[in-house]
Amino acid sequence: MNAAEKALVIFSGGQDSTTCLFQAIREYGRRNVHCITFLYGQKHGDEVKVAQKIAAEQRISTHKLVDLAWYAQVTTNALLDSAVEISRDADAGYPNTVVDGRNMLFLLVAAIHAKSLGIQDIIIGVSETDFSGYPDCRAAFINSCNATLNLAMDYAFRVIAPLMRLTKAQTWQLADELGVLEYVAKNTLTCYNGVIGSGCGSCPSCVLRQRGYDEYMELKG
Ligand code: ZN
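Enquirer: Just to check I follow, could you spell out the overall build of the chain for this structure?
Expert: When you go through the chain residue by residue, the secondary structure sums to 8 helices and 5 strands. Taken from N to C terminus, the helices and strands of the chain fall in the order β-α-β-α-β-α-α-β-α-β-α-α-α. Across the chain, contacts joining residues at least 24 apart in sequence account for 72% of those joining residues at least 6 apart. If you sum the accessible surface of the chain, you get close to 10600 Å²; carbon and sulfur atoms cover 51% of it.

Here's what the structure looks like:
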């Protein structure tokens, strides 16, 4: 990777994208890192505040907030609709927190913005290892979307998913190697109930996050 290059991180303020942000800062240099955060009617608008706070603290180059408020007009989902309970079980095969098309939409908008900034590298914190049944977190989708974006805009984007092959425990390990384990544990928001840091402890996202953390701590000894 060339230090002179720039990167755009799709940034939610959660554990995964924050870890990606720190890795990008290390690899590209703070001045060459840009972030984009999407507002799409999440139940917890706090996500955006958390993302803004982290991005400001890290003094990255630019942080673009993009409002996709119309999303809830075209789909119904537990993350978007406060009347729908987030459910842990997945009778339908997928948890009801899947927002159809989300990563494709995010990548499209991110790519448009990246090109306007002369950026080729787009970083997204998806993983297919702790696969919750989200089809748009799979490597096959990311590679396909990368090819499509390049064709769509006649531009050599590189969609990079540093966590693709990592388990949650390995993502904690990466944060530790980057020297930001404690920062990520305390300051990020992954919880579906909007509780910063270690979270509510009971939503599916908290359970996955804590399990990975405990696993890594056990390995570390
Ligand atoms: Zn939670």
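Here the narrative resumes, following the displayed structure.
Enquirer: Would you explain the sheet that holds strand β3 (residues 62-67) in this entry?
Expert: Strand pairing in a sheet relies on backbone hydrogen bonds. The paired strands run either parallel or antiparallel. Overall, parallel pairing links the 5 strands, which are arranged β3-β2-β1-β4-β5 in an open sheet. In the strand order of this sheet, the two ends are held by β3 and β5 (158-160), each with one partner. With direction set aside, neighbouring strand axes in the sheet form an average angle of 25°. Of the pairings in the sheet, the one linking strand β1 (residues 7-10) to strand β2 (residues 33-39) comprises 4 bridges and is parallel in character. Of the residues in β2, the one forming a bridge with Leu8 is His34.

Enquirer: It is not clear to me how the packing of helix α6 (residues 168-177) against helix α8 (residues 204-220) should be interpreted in this structure. Could you clarify?
Expert: Relative placement of two packed helices is described by the angle separating their axes and the distance separating the axes. Two numbers describe how α6 lies on α8: the axes approach to 7 Å, and their chain directions differ by 65°. Here α6 and α8 pass one another in a crossing that is right-handed. Contact residues: α6 offers Lys168, Ala169, Trp172, Gln173 and Asp176, while α8 offers Leu208, Arg209, Gly212, Tyr213, Glu215, Tyr216 and Lys220. Grouping the constituent residues of the contact of α6 with α8 by class yields 5 nonpolar, 2 polar and 5 charged.

Enquirer: Any chance you could explain the side chain of Thr37 here in plain terms?
Expert: Mapped onto the fold, Thr37 is located in strand β2. On the basis of relative accessible area, Thr37 is assigned to the buried category, the value being 2%. At a separation of 2.6 Å, a polar atom in the side chain of Thr37 contacts the side chain of His63. When near neighbours in sequence (up to four residues on either side) are disregarded, Thr37 contacts Phe11, Val48, Ala51, His63, Lys64, Leu65 and Val66.

Enquirer: What is the right way to look at the pairing of β1 in this model?
Expert: Where a strand is regular, its side chains alternate between the two sheet faces. Residue alternation in β1 divides its side chains into two sets, Ala7 and Val9 and Leu8 and Ile10, and both sets are buried. Here β1 runs beside strand β4 (residues 121-123); their pairing, made up of 3 bridges, is parallel. Within β4, the position partnered with Val9 by the bridge is Ile123.

Enquirer: Explain the packing of helix α4 (residues 102-116) against helix α5 (residues 139-153) here, please?
Expert: For the pair α4 and α5, interaxial distance at closest approach is 11 Å and the crossing angle is 40°. When the interaxial angle is binned, α4 and α5 end up oblique. Between α4 and α5 lies a crossing whose hand is right-handed. Residues Asn103, Met104, Leu107, Leu108, Ala111, Ile112 and Lys115 of α4 touch α5, and the partners they reach there are Phe141, Ile142, Cys145, Leu149 and Met153.

Enquirer: Whenever I open this one, α4 confuses me. Can you help?
Expert: The α-helix winds at 3.6 residues per turn, so residues separated by three or four positions along the chain end up facing the same way. With 15 residues, α4 should cover 21 Å at 1.5 Å per step; its first-to-last C-alpha distance of 21 Å lies within 8% of that length. The set of residues buried in α4 consists of Arg102, Asn103, Leu105, Phe106, Leu107, Val109, Ala110, Ala111, His113 and Ala114. Of the residues trailing α4, Gly118 is marked for its positive phi of about 70°.

Rules used in this analysis
Residues numbered from 1 in each chain as written. Predicted model: local features only at pLDDT ≥ 70, side-chain atom pairs only at ≥ 80, totals over all residues. Heavy atoms only, no water. Helix = DSSP H or I, 4+ residues; strand = E, 2+ residues; numbered from the N terminus. Contact = heavy atoms within 4.5 Å. Areas by Shrake-Rupley, 256 points an atom, 1.4 Å probe, with all protein chains shown as cover. Pairing = 2+ DSSP bridges. Axes fitted to C-alpha atoms, helices over the stretch in contact; angles between N-to-C directions. Left-handed = near helix turned anticlockwise from the far one by under 90°. Nonpolar A, V, L, I, M, F, W, Y, C, P; charged D, E, K, R; others polar. Buried < 20%, exposed > 50% of the residue type's maximum accessible area, 1.4 Å probe, protein only. Polar contact = N/O pair within 3.5 Å; in protein donor to acceptor, adjacent residues only side chain to side chain. Parallel < 35°, antiparallel > 145°, perpendicular 65-115°, else oblique. Expected span 1.5 Å × (residues − 1).

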